[in-house]
Amino acid sequence: MYSSQMALSINDEDSLFNFVVKEGNGVKGLVDTGVTEVPGRFIQPPHQRFDKQQAAESPENMTIDLSELDGPNRDQVVKAIAHAAETLGFFQVVNHGVPLELLDSLKTATHKFFGQPSEKKAAYLKGASPKLTVMYGTSFIPEKEKVWMWRDFLKMTYTNDADALEFWPNECKEVVLEYIKTSTEMVKRLLQALTEELGVKLDDSRLNTLIGSKTVHMIFYPTCPNPEVTIGVKRHSDMGTLTVLLQDDVGGLCVRKGESLSPENEEWIEVPPIHGALVVNVGDMLQVLSNGRYKSAEHVVQTTSAKTRVSVPIFNSPLPVASIGPFPEVVARDGVARYREVKYAEYTNNIYGKPYGGKQALEFVSI
Ligand code: OGA
Ligand code: NI
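Read on for an overview of the structure. If you're wondering where the values come from, they're calculated on a predicted model, not measured in any experiment.

Definitions and limits used
- Residues numbered from 1 in each chain as written.
- Chains lettered and ligands numbered in written order.
- Predicted model: local features only at pLDDT ≥ 70, side-chain atom pairs only at ≥ 80, totals over all residues.
- Heavy atoms only, no water.
- Near = heavy atom within 4 Å.
- Polar contact = N/O pair within 3.5 Å; in protein donor to acceptor, adjacent residues only side chain to side chain.
- Helix = DSSP H or I, 4+ residues; strand = E, 2+ residues; numbered from the N terminus.
- Nonpolar A, V, L, I, M, F, W, Y, C, P; charged D, E, K, R; others polar.
- Donors = N, O, S within 2.8 Å, 3.2 Å for Na, K, Ca; no water.
- Buried < 20%, exposed > 50% of the residue type's maximum accessible area, 1.4 Å probe, protein only.
- Disulfide = S-S within 2.5 Å.
- Core = buried A, V, L, I, M, F, W, Y, C linked by side-chain atoms within 4.5 Å.
- Contact = heavy atoms within 4.5 Å.
- Pairing = 2+ DSSP bridges.
- Expected span 1.5 Å × (residues − 1).
- Arc of directions from axis to C-beta.
- Axes fitted to C-alpha atoms, helices over the stretch in contact; angles between N-to-C directions.
- Parallel < 35°, antiparallel > 145°, perpendicular 65-115°, else oblique.
- Salt bridge = Lys/Arg side-chain N within 4 Å of Asp/Glu carboxyl O.

## Focus on the site of ligand 1
Part 1: Taken together, Ile-219, Tyr-221, His-236, Asp-238, Leu-245, Leu-253, His-299, Val-301, Arg-309, Ser-311 and Phe-315 form the complete shell of residues around ligand 1.
Part 2: Note that an oxygen atom of ligand 1 is positioned 2.9 Å from one of the side-chain N or O atoms of His-299.
Part 3: One of the side-chain nitrogen or oxygen atoms of Arg-309 is found 2.9 Å away from an oxygen atom of ligand 1.
Part 4: Per-element accounting of the shell around ligand 1 gives the leading share, three residues, to strand E13 (residues 309-317).
Part 5: Split into classes, the residues belonging to the shell around ligand 1 amount to six nonpolar, three polar and two charged.

## Comments concerning the coordination of the nickel ion (ligand 2)
Part 1: Taken together, the protein ligands of the nickel ion (ligand 2) are His-236 (NE2), Asp-238 (OD) and His-299 (NE2), with distances of 2.0 to 2.1 Å.
Part 2: All donors of the nickel ion (ligand 2) belong to a single chain; written as a sequence motif, their spacing is H-x1-D-x60-H. As far as burial versus exposure is concerned, His-236 and Asp-238 are alike and both buried.

## A closer look at the state of the cysteines
Part 1: The full count for this structure, using the stated rule, is zero disulfides.
Part 2: Cysteine Cys-224 is unpaired, with the sulfur of Cys-254 as its nearest cysteine sulfur at 16 Å.
Part 3: Judged by relative accessible area, Cys-224 falls into the buried class, the value being 2%.

## Digging into the nonpolar core
Part 1: Core analysis: the biggest nonpolar cluster contains 76 residues, and Ile-81, Tyr-179, Met-218 and Tyr-347 have the highest contact counts within it.
Part 2: The element best represented in this core is helix H7 (residues 173-196), accounting for eleven residues.
Part 3: Apart from the residues lying within four places of it in its own chain, the contact partners of Ile-81 are Ile-64, Leu-66, Leu-69, Phe-91, Leu-190, Ala-193 and Leu-194.

## Some thoughts on the sheet that holds strand E9 (residues 253-257)
To summarise the sheet geometry, strands pair through backbone hydrogen bonds and adopt either a parallel or an antiparallel arrangement.
Part 1: With respect to topology, five strands assemble into an open sheet ordered E1-E10-E9-E12-E7, the strand pairing being mixed. Edge positions in the open sheet fall to strand E1 (55-56) and strand E7 (233-236), since each of these has one partner strand only.

## Here we look at the side chain of Ser-311
Part 1: By the element assignment, Ser-311 lies in strand E13.
Part 2: Residue contacts for Ser-311: discarding those within four places in its chain leaves His-217, Met-218, Ile-219, Tyr-221, Leu-245, Leu-246 and Gln-247.

## Thoughts on helix H3 (residues 74-86)
Part 1: With 13 residues, H3 ought to run about 18 Å at 1.5 Å a step, and its terminal C-alpha atoms sit 18 Å apart, in line with that.
Part 2: Of the residues making up H3, those classed as buried are Val-77, Val-78, Ile-81, Ala-82, Ala-84 and Ala-85. Taken end-on, H3 shows its buried residues confined to a sector of 160°, consistent with a single buried face. Of the exposed residues in H3, the ones pointing more than 90 degrees away from its buried face are Asp-75 and Gln-76.
Part 3: Those residues of H3 hidden inside the fold are in contact with strand E2 (63-65), strand E3 (90-94), H7 and strand E11 (278-282).

## Some remarks on the sheet that holds E2
Part 1: One open sheet accounts for eight strands, arranged E2-E3-E11-E8-E13-E6-E5-E4; its pairing is mixed. With one partner strand each, in any of the chains shown, E2 and strand E4 (134-138) form the two edges of the open sheet. Strand after strand, the sheet turns through a mean of 25° between neighbouring axes, direction not considered.
Part 2: As judged from the six bridges shared by strand E8 (residues 242-247) and E13, these two strands associate in the antiparallel manner. Within the sheet, the bridge partner assigned to Leu-245 lies in E13 and is Pro-313.
Part 3: In the packing of H7 onto the sheet, contacts are made with E3, strand E5 (152-157), strand E6 (213-221), E8, E11 and E13, and the angle to E8 comes to roughly 130°.

## Section: the packing of H3 against H7
The relative placement of two packed helices is expressed as an angle between their axes plus a distance between the axes.
Part 1: Here H3 crosses H7 at 85°, and the two axes come no closer than 9 Å. Relative to H7, H3 is oriented roughly perpendicular. Between H3, through Arg-74, Val-78, Ile-81, Ala-82 and Ala-85, and H7, the contact on the second element is made entirely by Leu-190, Ala-193, Leu-194 and Glu-196.
Part 2: In terms of residue class, the contact of H3 with H7 is made up of seven nonpolar, no polar and two charged.

## Some details on helix H1 (residues 13-22)
Part 1: Within the sequence span of H1, burial applies to Ser-15, Leu-16, Phe-19, Val-20 and Val-21.
Part 2: Elements in contact with the buried residues of H1: helix H2 (26-32) and E4.
Part 3: Measuring from the side-chain oxygen of the N-cap residue of H1 to the backbone nitrogen of Asp-14 gives 3.2 Å; that N-cap residue is Asp-12.

## Remarks on the environment of Glu-228
Part 1: Counting through the fold element by element, Glu-228 comes out in the loop between E6 and E7.
Part 2: We classify Glu-228 as partly exposed; its relative accessible area is 49%.

## Section: the pattern of salt bridges
Part 1: Under the definition given, this model contains 17 salt bridges.
Part 2: The shortest N-O distance in the salt bridge between Glu-86 and Arg-293 comes to 2.6 Å. Placement of Glu-86 in helix H3 and of Arg-293 in the loop between helix H9 (284-289) and strand E12 (299-301) is noted, with a sequence separation of 207 residues between them.
Part 3: On the basis of relative accessibility, which here comes to 28%, the residue Glu-86 falls in the partly exposed class.
Part 4: In this structure, the salt-bridge partner of Asp-163 is Lys-131, at a minimum N-O distance of 3.0 Å. Taken together, the positions of Asp-163 in helix H6 (residues 161-167) and Lys-131 in the loop between helix H5 (118-122) and E4 put the pair 32 residues apart, joining distant regions of the chain.
Part 5: We classify Lys-131 as partly exposed; its relative accessible area is 31%.

This is the structure:
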């Protein structure tokens, strides 16, 4: 429980910052104090708010059975994957090879980690954490953000097993390592299918440069007393190659359809929770590699007063030193390169220097 020298006064900016960010109580700690109204620091400007009424039911055909990828129907399944990637940029997969018990264990581990007393979690705050491969925090970069998102997170960056076993929290290190191993197999098959459809053949080493960096987030979205003015995650696209995401049964992840629609006419679709399925979405780098054919869609997570939500995305990204530009085979066919080639590290550095969200990041490499 809260036992600082200074009592929390939620309408005082400094006090709130100390409590939520510095002491590591997070949004969860704030909710545990019994707040009935969100502090001003969490109130989003109208254009960042999101009302679920805005989102339509998702189409039935969003779910793809990966067991058929090695059977006689391979061509059909490859086409379905490519179609999903070039339209919505989001789809769900079943029979993905990640054990179902592991999915349950990941959700349990997330609740376990965030359910601990704040002091335990605070050991992984930026500055306190013994290693950069694990970091606990809230929102995105709360020191820099005017308005905070309604979520806490634990970020684990994979370098090698020994580092993970030594430094990642006991509550999650084993399950997260297993998640990385089993999902990587699936990501390779998906990426092979997606590039096959582009007429590009990837050998193992090229494949590895495109998905060689792996970061897992365990995200905790507490219940919110004012869901209409807050946001779990602001609208953004993922910057890597392919994201795999495990969500629980609460819902609230919505995706923007198409890119050309004006703000007044944009359409959103909810990604419905499906037990045992994983969500897959195209990141900015795959949009670049495919010369714009596969879409890195904007998405958002709503808050709710009904139930705490957890999710566990794994971001599969290029190695920082990898140069990423459209595949030459695709440029030759399209007759034009829509993006210039940059090192992935340059791309991410550009993003971290800017406010979170939207799709402005891709403009950095657009021609
Ligand atoms: C993200 C994200 C969605 C979710 O962390 O990039 O989009 O459901 N998360 O938590
Ligand atoms: Ni995302």
